[in-house]
Amino acid sequence: MASGTALIYDEAMTRHKLLWNDPICDIEVPERLSASYEQLQCYHLVERCIPVPAREGSEEEILLVHSSEHLEAAKSTQTMNEEELKRISGNYDSFFFHPNTYHCARLAVGAALQLVDSVMSGKVCNGMALVRPPGHHSQRNAANGFCLFNNVAIAAEYAKLKYGLQSVLYFSWHRYEHQEFWPSLKESDYDAVGLGKGKGFNINLPWNKVGMGNSDYLAAFFHVLLPMAFEFDPELVLVSSGYDSGIGDPEGQMNATPEVFAHLTHFLMQLAHGKLCVILEGGYHLRSLSESVCMTVRTLLRDPLPQVTGEMAPCLSAIESIQNVRAAHKPYWKWLTCEGN
């Protein structure tokens, strides 16, 4: 049985930075990584982890998810001056290029794949990769929402290809506000359940108001994610770990405390014989982010769980979203059919 927790961090990923004034993008700062790593050091968690080096993802690996046009456009930015970088960044929604962006994004991809290899080979049981730029908003043919390459999507395709893993179950909870919040996509609502053979394997849990707290996130885990995940019985769990749901975050405007991330991580460790890869995504309040990252790593290291305080009943809006997801997915899941609702 594998043991140990991998930690992947490369200071080089702090060299992607905004060179001009942009009030939308200015929260995605290099300090997101450095502050998280420094807090891990402060709590003596780094020395308890197994260090795994990052590497650049190859072009072939990036093309598992992205188009060659997107790859070439990103590659072309390495020699651009500031004016050219600003112009090409303007072609995308909420993204900025720096001459180092392409290298950093390849490191972020490679770090995610290094973590998959470490877990799947049995070198470690689980682990976390501190990466930027993040990946989850990027599209096949475009940068989007601070993201250039979709690190976790590439990791999923890589795991399928290299280790013969089969189907993918995708779960996302996100600020939605009845499609009023960016990126305001209809396909982010609860009734977007997947297409064709993927029907029932695409689970969207939209939060339709801000201020969701610990009880709301725990309720979503207990009443949607965990029952589905246990029925699905995955061979590997990949987490797009966005801490913009954390208290104080200017982007998410939610109220999840660092302690709840420990509990959410603990529940996920019960799946796939503990094969869990946590890959950093969002999180823009440096203190909230760094404390939440530390809670996640503590739990991966199997430290005792902290107490979760505050209101323990989910709010009505959260209950409505949870009920909507369950109703939309009832045709596809035995556990929902058995419950008779």
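Each value, and the rule that gives it
- Residues numbered from 1 in each chain as written.
- Predicted model: local features only at pLDDT ≥ 70, side-chain atom pairs only at ≥ 80, totals over all residues.
- Heavy atoms only, no water.
- Core = buried A, V, L, I, M, F, W, Y, C linked by side-chain atoms within 4.5 Å.
- Buried < 20%, exposed > 50% of the residue type's maximum accessible area, 1.4 Å probe, protein only.
- Helix = DSSP H or I, 4+ residues; strand = E, 2+ residues; numbered from the N terminus.
- Contact = heavy atoms within 4.5 Å.
- Expected span 1.5 Å × (residues − 1).
- UniProt positions renumbered as here; feature names shortened; annotations may be inferred.
- Salt bridge = Lys/Arg side-chain N within 4 Å of Asp/Glu carboxyl O.

The protein goes by Histone deacetylase 10 in an unreviewed UniProt entry, where it is assigned to Chrysolophus pictus.

Caption draft 1: Layout of the nonpolar core. Among the nonpolar cores identified, the biggest contains 105 residues, and Met128 and Phe149 are the most heavily contacted of them. Sort the elements by how many residues they give to this core and helix α5 (residues 101-120) lands first, with 12 residues. In contact with Met128, not counting residues within four places along its chain, are Ala6, Leu7, Ile8, Leu115, Tyr243, Val278, Val293, Thr296, Val297 and Leu300.

Caption draft 2: Spotlight on helix α6 (residues 151-163). Between its first and last C-alpha atoms α6 spans 17 Å; for 13 residues at 1.5 Å apiece the expected length is 18 Å, and the two agree. Listed in full, the buried residues belonging to α6 are Asn151, Val152, Ile154, Ala155, Ala156, Tyr158 and Ala159. The inward-facing, buried residues of α6 contact α2 (59-62), α5, β6 (237-241) and β7 (276-280). Directly after α6, the chain includes Gly164, whose backbone phi takes a positive value near 70°.

Caption draft 3: Representation of the UniProt feature "domain: Histone deacetylase" (unreviewed entry) in the protein. Per the UniProt entry, the sites bearing "domain: Histone deacetylase" (unreviewed entry) are residues 28-170 in this numbering. For the annotated span residues 28-170, helix accounts for 45% and strand for 5% of the residues, and the straight-line distance between the end C-alpha atoms is 25 Å.

Caption draft 4: Representation of the pattern of salt bridges. What the rule picks out here adds up to 13 salt bridges. A salt bridge links Glu28 to Arg32; its shortest N-O distance comes to 2.7 Å. Residue Arg32 is classed as buried on the basis of its relative accessible area, which comes to 0%. Ionic contacts of the salt-bridge type, sharing partners, join the residues Glu28, Arg32 and Arg132 into one network.

Caption draft 5: Unusual backbone geometry, seen in detail. Cis geometry is adopted by the peptide bond preceding Pro133, which originates at Arg132 and carries an omega value of 0°. Examined against the element boundaries, Pro133 turns out to sit in the loop between β3 (126-129) and α6. The peptide bond linking Trp182 to Pro183 adopts the cis configuration, its omega dihedral lying at 0°. Relative to the assigned elements, Pro183 resides in the loop between β4 (170-175) and β5 (202-207). Notably, Phe146 is not glycine yet its phi reads approximately 75°, a positive angle.

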